[in-house]
Amino acid sequence: MMAPEEMTRPDHIPAELVRDFDFYDIPGSAEDVQAAYAAIQRANPDIFWTPHNGGHWVATRGEDILAMQRDYQHFSHKHIVLPPMPEGTPRQIPLEMDPPEHARYRRPLMQSLMPAIVAELADKVRDVAVEAIEAVQPRGECEFVEDFAKVLPIHVFMELVDLPIADKAILLPLAEASVRGRDAETRLQSQRAMGGYLTDKIIARRETPGDDLLSKLVNVEINGSRISEMEAVSYASLVLFGGLDTVAGMIGFIARFLAMNPGNR
């Protein structure tokens, strides 16, 4: 049931397009999040409005989402989380930017992750994968996400940014809170904590840059001038949150699919 205060809708929202949908509480998502999303698609209009999490529109079809992503004049990336962060919160660079500004900040990151550069990590990736597998093989079972999905990409990523692997014990809970925090205060605290962890490291690499990814990001030049220290902290924080979570999540989905579909192995 929606709380009474959540049931109010703006006058321009047609009543027939209002649905009781909470992005953070989707029925069945704990068992199978993809099936849960598919059920939402089947049971609702292609685009509908929900009063939860501050009130927002929900697009459920790929073609509509793609159109919105490309039409930044009408669908800005200024706010990308639900509910919105407090006014004045530093923006996440480059995620909360629109073109052409977005491309100027994103380009150095993409150049640092070109296939030829990533290919140089192949031996390291293989070594980490073998070590992780050998650690669990004698047991005959494992908790896949913790024992492998959060080992392989994160160890490689920490090497890319030249940070101590032991620090993942500090950073992983921050990434979890930032990516899956249900409220703005939780996400804001995690971002501040990440900034606190990174600040002295960023200052050192702005003074004496290395060849690592972190050094490249915090010394990016836009229109001939190096980004500010505050921008560098925001940029580096976002990349760390992504590197500590995104690939681990994807590997988990892949392994789940293969476990449930033996013919695809």
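Quick caveat, the model's predicted, so the values are computed rather than measured.

A closer look at the pairing of strand 1 (residues 47-50)
Argument step 1. Examined bridge by bridge, strand 1 and strand 2 (residues 56-59) share 4 bridges and lie antiparallel to one another. The residue of strand 2 that forms the bridge with W49 is W57.
Argument step 2. In this structure, the hairpin formed by strand 1 and strand 2 is closed by a connection of 5 residues, where N53 is found at a positive phi of approximately 55°.

Looking at the environment of E229
Argument step 1. In this fold, E229 is placed in helix 11 (residues 229-260).
Argument step 2. Judged by its relative accessible area of 37%, E229 is partly exposed.
Argument step 3. Measuring from C-alpha to C-alpha, the distance between E229 and G54 comes to 32 Å, with 175 residues separating the pair along the chain.
Argument step 4. Excluding anything up to four places from it in sequence, E229 contacts T199, I203 and R206.

So, the pattern of salt bridges
Argument step 1. All chains considered together, the criterion is met by 11 salt bridges.
Argument step 2. Here D147 and R139 are joined by a salt bridge, their closest N and O atoms 2.7 Å apart.
Argument step 3. The residue K150 makes a salt bridge to E146 at a minimum N-O spacing of 3.5 Å.
Argument step 4. You can call E146 partly exposed: its relative accessible area is 46%.
Argument step 5. Taken together, the salt bridges that share partners define one network made up of E176, R180 and D245.

Examining the nonpolar core
Argument step 1. Within the largest apolar cluster, 32 residues are counted, with the highest numbers of intra-cluster contacts made by L171, M194, L198, Y235, L240 and L244.
Argument step 2. A per-element tally of this core places helix 11 first, with 8 residues.
Argument step 3. Every residue in contact with M194, bar those within four places of it in the chain, is listed here: L171, L174, S237, L240, F241 and L244.
Argument step 4. Judged by nonpolar contacts, the second largest core, of 10 residues, contains L121, A149, L152 and V156.

Re the side chain of R206
Argument step 1. Relative to the elements of secondary structure, R206 occurs in helix 9 (residues 184-207).
Argument step 2. Salt bridges are absent for the buried R206, whose nearest opposite-charge side chain, E229, sits at 5.1 Å.
Argument step 3. A distance of 2.8 Å separates the side chain of R206 from the backbone oxygen of V218, its partner in a polar contact.
Argument step 4. In this view, R206 contacts V218, N219, R226, I227, S228, E229 and A232; residues no more than four positions away in its chain are not counted.

Topic: the confidence of the model for the chain
Argument step 1. Here the chain averages 89 in pLDDT, while 97% of its residues score no lower than 70.
Argument step 2. The least confident element of the chain, judged by mean pLDDT, is helix 4 (residues 115-119) at 84; the most confident is strand 1 at 96.
Argument step 3. A low-confidence stretch, residues 1-5 (pLDDT under 50), is modelled with 5 contacts involving residues beyond four sequence positions or located in other chains.

Cut-offs used in this document
Residues numbered from 1 in each chain as written. Predicted model: local features only at pLDDT ≥ 70, side-chain atom pairs only at ≥ 80, totals over all residues. Heavy atoms only, no water. Pairing = 2+ DSSP bridges. Helix = DSSP H or I, 4+ residues; strand = E, 2+ residues; numbered from the N terminus. Buried < 20%, exposed > 50% of the residue type's maximum accessible area, 1.4 Å probe, protein only. Contact = heavy atoms within 4.5 Å. Salt bridge = Lys/Arg side-chain N within 4 Å of Asp/Glu carboxyl O. Core = buried A, V, L, I, M, F, W, Y, C linked by side-chain atoms within 4.5 Å. Lys, Arg positive; Asp, Glu negative; His and termini not counted. Polar contact = N/O pair within 3.5 Å; in protein donor to acceptor, adjacent residues only side chain to side chain. pLDDT = per-residue confidence, 0-100.

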